[in-house]
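# Topology and contacts: notes
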Amino acid sequence: VASPLPPQPRLRVATTTSLYDTGLWGYLEPMFEKKYNVELDILYTGSGQALEYGRRGDVDVLTVHDKPNELKFVSDNYGLERVPFAYNHFLIVGPKTDPAGIKGMSPVDAFKKLMQTGSGTFVSRGDNSGTHSMEKTIWKNAGFDYEVVRKAGAWYIEGGKGMGPTLQMAGEKQAYTLTDMGTYLSYRSKLGLVPIVDKGDILLNVYSAIAINPQKVTGAKNLSMANNLISFLISPEIQKLIGDYGVKEYGLQLFTPCAGAEPK
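First, a word on scope: everything that follows refers to the structure included in this document. A quick note: this is a predicted structure, and the numbers were derived from the prediction, not measured. (Residues numbered from 1 in each chain as written. Predicted model: local features only at pLDDT ≥ 70, side-chain atom pairs only at ≥ 80, totals over all residues. Heavy atoms only, no water.)

## Looking at the pattern of salt bridges
It is possible for side chains of opposite charge to pair when their charged atoms get near one another. Heads up, the rule is: Criterion for a salt bridge: a side-chain nitrogen of Lys or Arg within 4 Å of a carboxyl oxygen of Asp or Glu. In DSSP terms, a helix is any run of H or I states spanning at least four residues, a strand is any run of E spanning at least two, and both are numbered starting from the N terminus.
In total, this model carries 14 salt bridges according to the counting rule given. A salt bridge links K67 to E262; its shortest N-O distance comes to 3.5 Å. Of the two residues, K67 sits in helix α4 (residues 67-75) while E262 sits in the segment after β10 (256-257), which places them 195 residues apart along the sequence. The partner of K199 in a salt bridge is D198, with the nearest N and O atoms 3.6 Å apart. Because the salt bridges share partners, they merge into one network encompassing K67, E70, R82 and E262.

Below, the structure is given as structure tokens:
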């Protein structure tokens with residue numbers, strides 16, 4: 001009798017909804033699985049929840065975009081190293097009519113005007129994702145406590161959903177929202193929303209990979225394969241594929257590769 005084949009090794013990955021909603025993971029996953037003969041189990045969630053999965057040992061590696069919380073995660077020894085592999089930018093998108101009159105403003109001034117006028121609906125992710133974390137940073141820089149913003153009126157809506165569904169909600173309500181550029185481009189044709197604010201250093205959006213530290217987190221048990229995934233993401237071949245991903249379809253780069261280096 002032939003002996004049964006050993007079970008295929010598995011690697012558990014927590015990733016952001018924006019890397020999933022753009023289709024990037026669906027594109028890269030089979031290549032990695034074939035190269036390393038491994039099964040990827042990918043959990044799609046906001047960066048805040050992904051980091052929590054990492055702390056609990058529910059996953060072996062993260063691909064997220066929430067720099068301040070990533071740095072804390074590593075300094076608390078939950079993660080071994082933060083390795084940037086791609087970036088794009090956040091945008092404030094909204095209806096062409098721009099009811100709040102914020103087009104072309106800086107992100108901080110745009111948020112100030114939204115708060116002061118209440119003219120124009122704003123749909124927030126409201127889910128502790130990297131995008132939500134960025135939104136809170138902009139409110140803070142605009143001089144507003146987020147708890148005050150949340151209760152500011154009917155114009156402010158917390159969706160509690162991933163980036164794709166949040167964009168769809170903003171499209172239905174003809175509202176403003178903060179989005180990463182990649183997910184916006186992949187959903188743009190069905191939204192009726194246009195970029196309203198797209199300039200400002202604060203809008204830089206960096207995606208990083210972090211292997212979970214098995215010495216701190218008992219549930220993390222596949223460090224060598226986690227490191228293989230990080231090496232794969234920053235390899236020249238995959239960096240080129242990330243940079244080219246979606247360009248033919250959308251006419252713009254969804255992600256700019258930045259293997260291992262923080263973009264300036």
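## A closer look at the environment of L19
Here is the rule: Throughout, exposure labels follow a simple rule: accessible area from a 1.4 Å probe, protein chains only, divided by the maximum for the residue type, with under 20% read as buried, over 50% as exposed, and the rest as partly exposed. Between two residues, a contact is recorded if the distance between any of their heavy atoms is within 4.5 Å.
With respect to the helices, strands and loops of the structure, L19 is situated in helix α1 (residues 17-21). Classification of L19 by relative accessible area gives buried; the value is 2%. The spatial distance from the C-alpha of L19 to the C-alpha of L229 is 15 Å, given a sequence separation of 210 residues. Here L19 is in contact with L24, W25, T63, F85, Y207 and F255, once residues within four sequence places are set aside.

## What about the nonpolar core?
For the record, the criterion: By convention a nonpolar core is built from buried Ala, Val, Leu, Ile, Met, Phe, Trp, Tyr and Cys residues, the set being connected through side-chain atoms within 4.5 Å.
One finds L11, L229 and F255 to be the most contacted residues of the largest nonpolar core, which totals 42 residues. By residue number, the principal contributor to this core is helix α10 (residues 223-234), which donates 6 residues. Residues contacting F255, with those up to four places away along its chain left out, are S18, L19, T22, L24, A86, Y87, N88, Y207, I242, G243 and Y245. Counting 23 residues, the second largest nonpolar core, distinct from the first, contains Y146, V149, Y176 and I196.

## Looking at the packing of aromatic side chains
Keep this limit in mind: Working definition: rings of Phe, Tyr and Trp (its six-membered ring) pair if their centres are within 6.5 Å, and the pair is stacked with planes under 30 degrees apart, edge-to-face with planes over 60 apart, and tilted otherwise.
In this structure the tally under the stated criterion is 15 aromatic pairs. When the centroid spacing of 6.1 Å and the interplanar angle of 75° are considered together, the rings of W139 and F144 count as edge-to-face. Each residue in the set F111, F122, W139, F144, Y146, W155 and Y156 is aromatic and connected to the rest through ring pairs, giving one cluster.

## What about the pairing of strand β9 (residues 204-212)?
Two faces belong to every sheet, and in a regular strand the side chains alternate between them. Spelled out, the test is: At least two DSSP bridges between two strands are needed for those strands to be called paired.
Most of β9 is tucked away: 8 of the 9 residues are buried. Bridging between strand β3 (residues 61-64) and β9 involves 4 bridges; their strand directions are antiparallel. Looking across to β9, one finds that T63 is bridged to A209. Strand direction decides the pairing type here: strand β4 (residues 79-94) and β9, joined by 8 bridges, are antiparallel. Looking at the pairing, R82 lines up with I210 of β9.

## Some details on α10
Cut-off, in case you're wondering: Multiplying one less than the number of residues by 1.5 Å gives the expected span of a helix. Working note: the arc is built from the helix axis to C-beta atom directions.
Between its first and last C-alpha atoms α10 spans 17 Å; for 12 residues at 1.5 Å apiece the expected length is 16 Å, and the two agree. Those residues of α10 lying buried are M225, A226, L229, I230, F232 and L233. Looking straight down α10, one finds that the buried residues subtend no more than 160° of arc, so they occupy a single side. Where α10 is buried, its residues contact β1 (10-16), α2 (24-36), β3, β4, β9 and α11 (236-244).

## Side note on the packing of α2 against α10
Note the cut-off: Working convention: axes come from line fits to C-alpha atoms, limited for helices to the stretch in contact. Angles between N-to-C directions cover 0 to 180 degrees. Here the word oblique covers every angle except those under 35 degrees (roughly parallel), over 145 (roughly antiparallel) and from 65 to 115 (roughly perpendicular). Two helices cross in a left-handed way if the nearer one is turned anticlockwise from the farther one by less than a right angle. They cross in a right-handed way if the turn is clockwise. Note on residue categories: nonpolar means Ala, Val, Leu, Ile, Met, Phe, Trp, Tyr, Cys or Pro, charged means Asp, Glu, Lys or Arg, and polar means any other residue, Gly included.
Look at α2 against α10: their axes get within 11 Å of each other, and the N-to-C directions meet at 125°. By the angle between their directions, the pair α2 and α10 is classed as oblique. Note on packing geometry: the crossing formed by α2 with α10 is right-handed. Across the interface between the two elements, W25, L28, M31, F32 and Y36 of α2 pack against M225, N228, L229, F232 and L233 of α10. By residue class, the composition of the contact of α2 with α10 is 9 nonpolar, 1 polar and no charged.

## Overview of the packing of α10 against α11
Geometry of a packed helix pair, given as the angle between the helix axes and the separation of the axes. Where α10 meets α11, the axes come as close as 5 Å, and the angle between the chain directions of the two elements is 60°. Classified by the angle between their axes, α10 and α11 sit oblique to one another. In this structure, α10 contributes F232, L233 and I234 to the contact, and α11 contributes P236, I238, Q239 and I242. Its residues placed into classes, the contact of α10 with α11 shows 6 nonpolar, 1 polar and no charged.

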